[in-house]
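Geometric and topological summary
This is what each chain is made of:
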Amino acid sequence: MTAPVAWKTPAGFVALTQPEIEAVAQAVVGHIQTCFAAEAAVAAQIAALSDPEEFDLETAFVAPMRLHSPVRMSACR
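Residues numbered from 1 in each chain as written. Predicted model: local features only at pLDDT ≥ 70, side-chain atom pairs only at ≥ 80, totals over all residues. Heavy atoms only, no water.

**Quick look at the overall build of the protein chain**
- Each helix and strand in the protein chain was counted, giving two helices and two strands.
- Sequence-ordered secondary structure for the protein chain, helices as α and strands as β, is β-β-α-α.
- When each of the 77 residues of the protein chain is scored for burial, the buried share is 19%.
- For the protein chain, long-range pairs separated by at least 24 residues make up 43% of all intrachain contacts whose partners lie at least 6 apart in sequence.
- Carbon and sulfur atoms make up 62% of the accessible area of the protein chain, which totals about 5700 Å². (Helix = DSSP H or I, 4+ residues; strand = E, 2+ residues; numbered from the N terminus. Buried < 20%, exposed > 50% of the residue type's maximum accessible area, 1.4 Å probe, protein only. Contact = heavy atoms within 4.5 Å. Areas by Shrake-Rupley, 256 points an atom, 1.4 Å probe, with all protein chains shown as cover.)

**Considerations on the pairing of strand β2 (residues 12-16)**
- Pairing of strand β1 (residues 5-9) with β2 involves five bridges; the strand directions are antiparallel. Pairing of valine 5 across the sheet is with leucine 16, part of β2. (Pairing = 2+ DSSP bridges.)

**A closer look at the confidence of the model for the protein chain**
- This prediction gives the protein chain a mean pLDDT of 83; 86% of its residues lie at or above 70.
- Per-residue pLDDT, averaged within each element of the protein chain, yields its smallest value for helix α2 (residues 57-67) (81) and its largest for β2 (94).
- Contacts for the low-pLDDT stretch residues 71-77, under 50 throughout, to residues beyond four places or in other chains number 13 contacts. (pLDDT = per-residue confidence, 0-100.)

Put into structure tokens, the structure is as follows:
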């Protein structure tokens, strides 16, 4: 992919440079890895339970999602 690339923002369309496109790609990969790491942590917790009925799935995801926070998209407009 070559720059500039049209990107839609809340303020309208902007042209992203190659470094900005790479920052977006890093942020996406970081987010996906965060989700997978959190899911693995929660799956291990569930597997260790004798009675998963009372397991609070939503609460279980909070800590791993914070621990593995994704790359920030500060380079993007």
